[in-house]
Structures are given as C-alpha cells and as structure tokens.
Amino acid sequence: TRSIGKTPSNLQMKAIAGEVQVVDNKIRALTHFPSLKLSGTVMNYRSGRWFYEVSLLSDGLMQIGWADAQFHCDPVCGQGVGDHVHSWAIDGLRVKKWNVSCESYGKRWHLGDVVGVLVDMDLMEMRFYLNGEDLGSAFCNFTAISLCPAISLNVRQSARVNFGQYKFIYPPEEADGKRFRPV
C-alpha cells in the first residue's frame, strides 16, 4: 500500500489498500480497485452535517462515500468502499448504493460530473448529490461511532476531491435550520 505524490498539509489522503497517485486534490488508481480515506479527520456521532465533493475526471467504476475505523477492503477481490459492513458508497457507473449488498440508487454519472457526499450524524442519514441534485436518502440509522470520507476506484479512474479547501461547486442547502460543515 502506498500513495504517490503530495497532498496539502491539512489533508492526509491515504491509501488503505492498492496503489493510487495523489497529487494535491487529484487521485488516480494505479492498480485494480484501490481504496483511500481522508485520515486525521473523523465525524463523530452526533456532531452535525458533514459534506465533501468529488469531481469526476473519468466516468468508470468508483465507489464514493464513507467508512469507519473498522472498514476493511481487498482490492484483489474487488472489495472497496461500500462492500464492507463498515462502509457506505454510491456507484454512479452501475447506478447503485452499496453497504455490503447493493440496491438501485441515483443516476448514471459521466465525465465532469460532481458528486456531493453528505452525512448527518444527528439524524444518522447519508445522502448523495449529482451536479447539485439531491438523489434522496441513501442510508438511514446506520451504526457507526465515527466516519471519514473514503473512495475506491478502478485502475486508471481519476477524480478531484474537495473537502472544503476550495469553494464547493454545488453546496447543499440547510436542513431544518442546520448548515453543513466541510469535512
């Protein structure tokens, strides 16, 4: 497991398994289905609404979402974010949401699209957005004490991640008077 490149000092994008290239806020898979997470940042239980965006620099197989500290993955077996009980993801290539098993969810994504990823730790709800359109509640009443952003992507797939270090392209609206926080 290794990451190649540099990231801004306040963000620690780390490969969990497989090889990825990380240069500033851009990630690219170098091997089959590596997984990364943003380490050093955790959304603790009952701590508000958290959001990040992923701009797609390719439109293939990616699973984008959240993982907790007990998440395990295996790129050789094609198991990434959403394939383990301690992770939750959207997959816009296959138009599915994943948490061990999958269900139809969302819309087909394309090169240049922007995926918004939001968790409300007060409501224990995860939502995803595509180019600013709320795709609806994806997961509710999940069991996790802490979460961090996590992404798995197939070889040669790439994306640009924004954890709030830049202005969001499609920020979510307030919900019940609660604003989101950038990760």
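These notes cover the structure that comes with them.

Conventions used here
- Residues numbered from 1 in each chain as written.
- Predicted model: local features only at pLDDT ≥ 70, side-chain atom pairs only at ≥ 80, totals over all residues.
- Heavy atoms only, no water.
- Helix = DSSP H or I, 4+ residues; strand = E, 2+ residues; numbered from the N terminus.
- Rg over C-alpha atoms; globule rule 2.2 N^0.38 Å.
- Buried < 20%, exposed > 50% of the residue type's maximum accessible area, 1.4 Å probe, protein only.
- Contact = heavy atoms within 4.5 Å.
- Areas by Shrake-Rupley, 256 points an atom, 1.4 Å probe, with all protein chains shown as cover.
- Lys, Arg positive; Asp, Glu negative; His and termini not counted.
- Charge placed at Lys NZ, Arg CZ, Asp CG, Glu CD.
- Salt bridge = Lys/Arg side-chain N within 4 Å of Asp/Glu carboxyl O.

Overview of the overall build of the protein chain
- Secondary structure assignment for the protein chain yields zero helices and 17 strands.
- Relative to the compact-globule value of 16 Å for 183 residues, the protein chain shows a C-alpha radius of gyration of 15 Å, a close match.
- Out of the 183 residues belonging to the protein chain, those deemed buried represent 53%.
- If you take every contact in the protein chain between residues at least 6 apart in sequence, the share linking residues at least 24 apart comes to 60%.
- Working note: accessible area of the protein chain is about 8300 Å², and carbon and sulfur atoms make up 49% of it.
- Side-chain charges of the protein chain comprise 20 positive and 18 negative groups, with the mean position of each set lying 5 Å from the other.

As for the pattern of salt bridges
- Counted by the stated rule, this structure contains nine salt bridges.
- Its salt-bridge partner being Asp-91, residue Arg-94 comes within 2.4 Å of it at the nearest N-O pair.
- Relative accessible area serves as the criterion here: at 37%, Arg-94 is assigned to the partly exposed category.
- Residue class for Asp-91 comes out buried when judged on its relative accessible area of 0%.
- Residues Lys-97 and Glu-103 are paired through a salt bridge, measuring 4.0 Å at the closest nitrogen-oxygen approach.
- Among the charged side chains, a network of salt bridges with common partners joins Arg-49, Asp-120, Asp-122 and Lys-178.

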